[in-house]
Amino acid sequence: MTVPEPGTTAVPPPGCPAHATGGGLPPAAAHDGGPPAAATHGGTLPGGLPVGVPLTPLYGSAVADDPHGLYARLRAQYGPVAPIELEPGVESWLVLGYAELLELTRNEALFSKDSRRWRVPAEGRLAADSRLQPMTSWRPTLLNLDGAEHQRLRAAVADTLARVDHRQLRETTEAAADALIDSWGPDGTADLVAQYARRLPLLVFTQLLGLPDEAGAHLIRLISHIADSGAESVRANQEFQTLLVDLVRQRRTTPGADLTSWLLAHPAGLTDEEAVHHLVVLMIAGNETTICWTGNTLRLLLTDRRFRATLTGGRLTVADALEEVLWRDPPTQNFPGRWATSDTVLGGQFIARGDMLVLGLAAANADPAAQGPGAVGHPSIGHASIGGNRAHLAWGAGKHVCPAQHPARIIVETAVETLLHRLPDLQLAVPRTSWPGARPPGRAP
């Protein structure tokens, strides 16, 4: 998950059902309704590809309508690594293979997290107003560094998160979930993303960071504007940054028992600027991922009879069900990125120095080689055998594997358990065919 630096605008996480962009990267601003199924690239192409090769867009309706079908077609045509287009004129590679994605994430010397190596902007081919800018611009965080400096910052974040009391986190989440459910109107319906999945994590994070309780609703509004990249996003991002700068200054002089104070006190010795950057990482990356994981789980609960029957019938625990969701529909389907430090070969494709590679997390999970005998590359195949299996790549792999997965799991597990306990007869309030996917409404009869 990527986050904005001060003064930039954020974009929704790729593949999140809480946003309307579908399973790929955000649609290019210049396109209304999405591009054709494939576009011919006229500029410099990924290493070894001749001019005129059609590049499949990883944006617009082509990926929003049927992302898993798109991944299967790319795998059939190109194998485990496929040439794609991130926006018109900007090429990349999508890593679809499970083994290849592991190689990509574990070989830091060959595939760097430092986006300053990307040759597209170096060649002047990335527009200043490109929606890829917030996702790929370099900033001094654990998300964009390699080697010792990455380890220093990662240790600070991971050790800070490890200090969270899991029992207290569960109690805090349950109390916030109960309050949200109690706030729903008397008509028996609720928008389970807008009124539950989107609000709950921020109410919890507000307390974890040491912000006053009344800041929760305000943060929800700010981050919603930031994630939507709308007219209010710049103002909301500036206000959000100011709030975090003030919080860091306060906790530097008056520490408390919260994530902000623990981060500042860590032996890594983060500066105030570094602390603000990493609070942004925790707030936006952690929050949006948790929203999408919760939303995907509730969508399956309301639309997949097998999933609901095994969960509510006691044949699958909520914890195991959440792992199945991470296999089938991870909260981030495609994650940019890695940049090749030299010419190399991956998955049979020639990768040139400076090429960008996108982690196809959902596609790699659906790789028949990972799904086992009988699987055909779609997440609905072989699902009966993956409940509780944590070998998926939803959190990435290697040294940059997500450090916030354990607190996120507690929040999402508690959110789902509380909803099932309070509203065991929850069902869709609209026909499944009319449900747009981004806003799952539910009804408690």
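It should be noted that the structure appears before, not after, this text.
Notes on the structure in this doc start here. Computed from a predicted model, the values in this text were never measured in an experiment. (Residues numbered from 1 in each chain as written. Predicted model: local features only at pLDDT ≥ 70, side-chain atom pairs only at ≥ 80, totals over all residues. Heavy atoms only, no water.)

**Let's talk about the packing of aromatic side chains**
Next, step 1: Inspection of the entire model under this criterion finds three aromatic pairs.
Next, step 2: Consider the rings of Trp184 and Tyr196, whose centres lie 5.8 Å apart with planes at 75°: the pair is edge-to-face. Here Trp184 is found in the loop between α7 (166-182) and β6 (189-191), whereas its partner Tyr196 is found in helix α8 (residues 193-197), with 12 residues between them in sequence.
Next, step 3: The class for Trp184 is buried, based on a relative accessible area of 13%.
Next, step 4: On the basis of relative accessible area, Tyr196 is assigned to the buried category, the value being 0%.
Next, step 5: Judged by centre distance (5.3 Å) and plane angle (75°), the ring pair of Trp293 and Trp395 falls under edge-to-face. One end of the pair, Trp293, is in helix α13 (residues 272-303); the other, Trp395, is in the loop between α17 (368-371) and α18 (405-422), with 102 residues separating them in the sequence. Of the two residues, Trp293 and Trp395, neither departs from the other in class, the shared state being buried.
Next, step 6: Over the ring of Trp138 we find Arg116, and its NZ or CZ is 3.8 Å from the ring centre. (Phe/Tyr/Trp six-rings, centres within 6.5 Å; stacked < 30°, edge-to-face > 60°. Helix = DSSP H or I, 4+ residues; strand = E, 2+ residues; numbered from the N terminus. Buried < 20%, exposed > 50% of the residue type's maximum accessible area, 1.4 Å probe, protein only. Lys NZ or Arg CZ within 6 Å of the ring centre and 35° of its normal.)

**Describing the environment of Arg116**
Next, step 1: With respect to the helices and strands, Arg116 occurs in the loop between β5 (111-112) and α4 (119-122).
Next, step 2: Overall, the relative accessible area of 53% leaves Arg116 in the exposed class.
Next, step 3: At 2.8 Å, the side chain of Arg116 forms a polar contact with the side chain of Asp114. (Polar contact = N/O pair within 3.5 Å; in protein donor to acceptor, adjacent residues only side chain to side chain.)

**Focus on the pairing of strand β7 (residues 334-340)**
Walk down a regular strand and you will see the side chains alternate between the two sheet faces.
Next, step 1: Extensive coverage of β7 is indicated by the burial of seven of its seven residues.
Next, step 2: Relative to β7, β5 runs antiparallel, the two sharing two bridges. From the neighbouring strand, Phe111 faces β7, where its bridge partner is Ala340.
Next, step 3: Note that β7 and strand β10 (residues 356-360) share five bridges and pair antiparallel. Residue pairing in the sheet places Arg338 in a bridge with Leu357 of β10. (Pairing = 2+ DSSP bridges.)

**Quick word on the side chain of His150**
Next, step 1: Tracing the sequence through the fold places His150 in helix α6 (residues 147-162).
Next, step 2: Here the side chain of His150 touches Gln151 through a polar contact of 3.3 Å, side chain to side chain.
Next, step 3: Discounting residues that sit within four places of it in the chain, His150 has contacts with Leu142, Leu145, Lys399 and His400. (Contact = heavy atoms within 4.5 Å.)

**Thoughts on the nonpolar core**
Note that soluble globular proteins tend to have their nonpolar side chains buried in a common cluster.
Next, step 1: In this structure, Tyr196 and Phe240 are the most contacted members of the largest nonpolar core, which totals 77 residues.
Next, step 2: The biggest single contributor to this core is α13, with 14 residues.
Next, step 3: Core analysis: the next-biggest nonpolar cluster, separate from the first, contains 24 residues, Val63, Ala82, Ile84 and Ala363 among them. (Core = buried A, V, L, I, M, F, W, Y, C linked by side-chain atoms within 4.5 Å.)

**Observations concerning the pattern of salt bridges**
Next, step 1: Following the criterion strictly, the structure yields 24 salt bridges and no others.
Next, step 2: Between Glu91 and Arg125 there is a salt bridge whose closest N-O contact spans 3.0 Å. In this pair, Glu91 is assigned in strand β4 (residues 90-95) and Arg125 in the loop between α4 and α5 (133-136), connecting sequence segments 34 residues apart.
Next, step 3: When the shortest N-O distance is used, the salt bridge between Asp178 and Arg422 registers 3.0 Å. One end of the pair, Asp178, is in helix α7; the other, Arg422, is in helix α18, with 244 residues separating them in the sequence.
Next, step 4: Owing to a relative accessible area of 23%, Asp178 belongs among the partly exposed residues under this scheme.
Next, step 5: It is possible to trace a salt-bridge network through shared partners that takes in Glu91, Arg119, Glu123, Arg125 and Asp355. (Salt bridge = Lys/Arg side-chain N within 4 Å of Asp/Glu carboxyl O.)

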